[in-house]
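Here's the letter readout for the chains.
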Amino acid sequence: MTPQITGFTQRRVTVADGVALNVAVGGSGSPVVLLHGFPQTHLMWRHVAADLAADHTVICPDLRGYGDSDKPADPDGLTYSKRTMAADVVALARALGHDRFALAGHDRGALVAVRAGLDHPDVITHLASLDVLPTLDSWEVMQGRSAAVGFHLYLMAQPPGLPEAMISGAADAFFGYFLDLWANDPNAIPADVRAAYLKASREAVPSIVADYRATATIDVEHDEADRQAGNKLTMPVTVLQQDWGSALGFDAAGRWRAWAEDLEHRTVTCGHFMAEEAPAEVVKALRDLLAR
């Protein structure tokens, strides 16, 4: 049986024509939506969500293309744009009765969260990003040999066909590589949770690749348009990030400050999967954000 978040109920919610998201909902109070990263599902929030549910309505969806959410085909390269995925999140919250909500995202989910903040500033009250840079900045800071750390970004940016075939041929090895490499504390992802992540990912290779391919194409175009227009995140923003700036030679806080007017940037010492490796630290940061 697939693990679940204790005390939460599972349901499917239609968010667009032919697209329903699997979502876990728990607690009561002001709404907080939590978006997962790669190669994971909403289950990555199990510790953080249970804590926040003491005084918030906590909404944890599988993003379109991931987990038990629908995985539509991508004929035009737009189906998995972060703009489309952000619209899913706004529609989900509205379907659950929330016109405004706080939003936190990790990894891929953070890119969706940032796009939601830029596209829907009157809807997102607070925004948290865990361990990424905005899309445009991510491509700009990866240069030379140091860019090897993001080899998967380049692989999945290739035209349809080869990336899907290569990854499908060794799906568990591919996705498991990141679960192992990016975790400072392997025990933070127990065997049953790891198995759930691998199963969900191997069953979603085309849509996961389409999500990443969008980040090398249409998502960059959207970010460039916002940068040229001077659009910024106007809500309070908290960023939790490993010290990638020192490792790759860029000013992480400065990069974020160009996008966020009200920014709290914190460097963490845990691994990439911080909601599982350091849930208390993440909860504190989110509660501090919600109090701003």
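Further up the page is the structure itself.
Source: prediction; values computed, not measured.

### Focus: the pairing of strand 3 (residues 30–35)
In step 1: With 5 of its 6 residues buried, strand 3 lies for the most part within the structure.
In step 2: As judged from the 4 bridges shared by strand 3 and strand 4 (residues 56–61), these two strands associate in the parallel manner. By the bridge assignment, P31 is partnered in strand 4 with T57.
In step 3: Once you follow strand 3 into helix 1 (residues 46–52) and on to strand 4, the crossover reads as right-handed.

### Thoughts on the packing of aromatic side chains
In step 1: Counting across every chain of the model gives 12 aromatic pairs.
In step 2: Measuring from ring centre to ring centre gives 5.1 Å for F174 and F178, while their planes differ by 80 degrees; the resulting arrangement is edge-to-face. Of this pair, F174 and F178 both sit in helix 7 (residues 171–181), 4 residues apart, which is roughly one turn of the helix.
In step 3: Looking at F174, the relative accessible area reads 11%, which means it is buried.
In step 4: Relative to F178, the ring of Y177 lies with its centre 5.2 Å away and its plane at 85 degrees, an arrangement referred to as edge-to-face.
In step 5: We classify Y177 as partly exposed; its relative accessible area is 40%.

Calculation notes
Residues numbered from 1 in each chain as written. Predicted model: local features only at pLDDT ≥ 70, side-chain atom pairs only at ≥ 80, totals over all residues. Heavy atoms only, no water. Buried < 20%, exposed > 50% of the residue type's maximum accessible area, 1.4 Å probe, protein only. Helix = DSSP H or I, 4+ residues; strand = E, 2+ residues; numbered from the N terminus. Pairing = 2+ DSSP bridges. Right-handed = clockwise from strand over helix to strand, strands pointing away. Phe/Tyr/Trp six-rings, centres within 6.5 Å; stacked < 30°, edge-to-face > 60°.

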